[in-house]
Amino acid sequence: MENTIIRVEAQPAGYDVVVGRGLSGLVSDYLGDAVRQVLIIHQPTLATYAEQLRQQLAPLTVLLAEVPDAEDGKRVEVAAFCWQVLGQAAFTRSDAVIGLGGGAATDLAGWVAASWLRGVRVLQMPTSLLGMVDAAIGGKTGINTAEGKNLVGAFYAPAAVLVDLDQLRTLPHNELIASFGEVVKYGFIGAPTVLEALETDPEAATDIAGPTMRALIEESIRLKARVVSSDFREHGAREFLNYGHTLGHAIEHRERYRWRHGAAVSVGMVFAAELGRLLGRLDDSTVDRHRNVLESIGLPTGYERGALPELIDAMRRDKKARGSVLRFVVLDSVGKPGIVTAPDTDLLFAAYDAIAE
């Protein structure tokens, strides 16, 4: 099957998201002729693949920086290690960084590239479903602090994103399913065919080798590309991509990032749906549809009873808040997201009670 190219218009220049199989041969093309040195930032399980890329990119000078898995890699100490490697190798603005791994690795690589010499070329090669449909696309880069997730970062567009579907074959099943929280999000905010596919045959939709899963990945990327192209720096419609993320990020923070991002977003979407129902904006059947779709593929829809006060404190420090005013993406219907600002605390407790376990 031929590669699919989805264009993202960004600042200062647009870029391609290439979806296909066996895409490593495209790396040199997207790095460009000016690059002389490359730093591949990768997670431990991808050491062999990173070494293969190094050999493939000869005669370029290619350095490897192995970083911790998941959110443990998104710390300032890890970024500083990468900066040290760049400094010792005398990386210039004509050199490049490759982010190889899951969403945490591409977030880190993007931030390292954006901050080194105020910006060097970065090529993203996501290997997880979450990275492919969300983290590596859109130019959001960042690291975490003790106070919250992604509080330090920049909007920085990559040279390209290579979505090699063959990399999904190595993912543990539970990690693949957790990442589907982001895919379902796209379904609710603007890609209803995603929901229909999951409802029709959840097993086929989550089959790595099957055509349905590729179609869902491409549909998710297309929706994100459209939104990002219209609102690169999140001044308007791009906020809708945060559906489920306000509570989801708070859960991740409370769990010290032991929860997978997509699983936390899954709970966050059900909470947002319940909030929408209480506000009179969302009908009962669509709220129930959230639970039905998410539970059909094994994602959580509830969280610990009594945790809301602590979660509210984390949400007030989230980058999506304005001052200490909470903002939530809610739905008026499937495909019609909106923003609710400073909802009454009693409403938050009532919505949370509906998901408390």
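Below: a short report on this structure. (Residues numbered from 1 in each chain as written. Predicted model: local features only at pLDDT ≥ 70, side-chain atom pairs only at ≥ 80, totals over all residues. Heavy atoms only, no water.)

Concerning the overall build of the protein
Counting secondary structure elements, the protein contains 14 helices and 11 strands. Relative to its length of 357 residues, the protein is compact, with a C-alpha radius of gyration of 20 Å against a globular reference of 21 Å. Each principal axis of the C-alpha distribution contributes one length, and for the protein these read about 60 × 45 × 35 Å. In the protein, which comprises 357 residues, the share counted as buried stands at 58%. For the protein, the accessible surface area stands at approximately 14,100 Å², while carbon and sulfur atoms represent 50% of it. Between the centroid of the 35 positive side chains of the protein and the centroid of its 45 negative side chains there is a distance of 5 Å. (Helix = DSSP H or I, 4+ residues; strand = E, 2+ residues; numbered from the N terminus. Rg over C-alpha atoms; globule rule 2.2 N^0.38 Å. Buried < 20%, exposed > 50% of the residue type's maximum accessible area, 1.4 Å probe, protein only. Areas by Shrake-Rupley, 256 points an atom, 1.4 Å probe, with all protein chains shown as cover. Lys, Arg positive; Asp, Glu negative; His and termini not counted. Charge placed at Lys NZ, Arg CZ, Asp CG, Glu CD.)

Quick word on helix H7 (residues 192-200)
It helps to recall that an α-helix has 3.6 residues per turn; residues three or four apart then point in one direction. The set of residues buried in H7 consists of Val194, Leu195 and Leu198. For H7, the angular spread of the buried residues around the axis is 95°, confining them to a single face. Buried-residue contacts for H7 involve helix H6 (173-189), helix H8 (202-205), helix H9 (211-230) and helix H12 (284-296). (Arc of directions from axis to C-beta. Contact = heavy atoms within 4.5 Å.)

Digging into the nonpolar core
General note: in soluble globular proteins, nonpolar side chains tend to be found buried as a group. With 78 residues, the main nonpolar core has Val17 and Leu168 as its most contacted residues. Here the element with the most residues in this core is helix H11 (residues 261-278); it accounts for 9 residues. The contacts of Leu168, once residues within four sequence positions are left out, are Thr127, Ser128, Leu129, Met132, Leu176, Ile208, Met213 and Ile217. (Core = buried A, V, L, I, M, F, W, Y, C linked by side-chain atoms within 4.5 Å.)

Regarding the packing of H11 against H12
For the pair H11 and H12, the least separation of the axes is 9 Å and the interaxial angle reads 170°. It follows that H11 is roughly antiparallel to H12 by the angle criterion. Together, Ser266, Met269, Val270, Ala273, Glu274 and Arg277 of H11 and Asp284, Val287, Asp288, His290, Arg291 and Leu294 of H12 make up the contact between the two elements. Each residue belonging to the contact of H11 with H12 can be placed in one class, and the counts come to 5 nonpolar, 2 polar and 5 charged. (Axes fitted to C-alpha atoms, helices over the stretch in contact; angles between N-to-C directions. Parallel < 35°, antiparallel > 145°, perpendicular 65-115°, else oblique. Nonpolar A, V, L, I, M, F, W, Y, C, P; charged D, E, K, R; others polar.)

Concerning the sheet that holds strand S1 (residues 4-8)
Spatially, 7 strands are ordered S1-S2-S9-S6-S5-S3-S4 in an open sheet, and the strand pairing comes out mixed. In the strand order of this sheet, the two ends are held by S1 and strand S4 (61-66), each with one partner. Here the strands of the sheet are splayed against their neighbours by 15° on average, with no regard to which way each runs. Note that strand S2 (residues 15-20) and strand S9 (residues 160-164) share 5 bridges and pair parallel. Directly across from Asp16, in S9, lies its bridge partner Ala160. Across the sheet, H9 lies against S1, S2 and S9, angled at about 20° from S1, the strand it touches most. (Pairing = 2+ DSSP bridges.)

Looking at the packing of helix H13 (residues 308-316) against helix H14 (residues 345-353)
Each pair of packed helices gets described by two things: the angle between the helix axes and the distance between those axes. Contact geometry of H13 with H14 gives a least axis separation of 11 Å together with a crossing angle of 120°. Between H13 and H14, the interaxial angle falls into the category oblique. For the element pair H13 and H14, the recorded crossing hand is right-handed. Of the residues in H14, those touching H13 at Leu308, Pro309, Leu311 and Ile312 are Leu348, Phe349 and Tyr352. Looking at the contact of H13 with H14 residue by residue, the class counts come to 7 nonpolar, no polar and no charged. (Left-handed = near helix turned anticlockwise from the far one by under 90°.)

Here's the deal with the environment of Val17
Looking at the secondary structure, you find Val17 in strand S2. Judged by relative accessible area, which is 0%, Val17 ranks as buried. Once the C-alpha coordinates of Val17 and Asp166 are considered, the two residues, 149 residues apart in sequence, prove to be 16 Å apart. When near neighbours in sequence (up to four residues on either side) are disregarded, Val17 contacts Thr4, Ile5, Ile6, Val8, Ile137, Val161, Val163 and Ile221.

Thoughts on the pairing of strand S3 (residues 37-42)
For S3, the tally of buried residues reaches 6 of 6 residues, placing the bulk of the element in the interior. By the alternation rule, side chains of S3 split into Gln37, Leu39 and Ile41 and Val38, Ile40 and His42, which are all buried. Looking at chain direction, S3 and S4 are connected through 6 bridges and run parallel. By the bridge assignment, Gln37 is partnered in S4 with Thr61. Once you follow S3 into helix H2 (residues 47-56) and on to S4, the crossover reads as right-handed. Across 5 bridges, the pairing between S3 and strand S5 (residues 96-101) is parallel. By the bridge assignment for S5, Val38 is matched with Ala96. (Right-handed = clockwise from strand over helix to strand, strands pointing away.)

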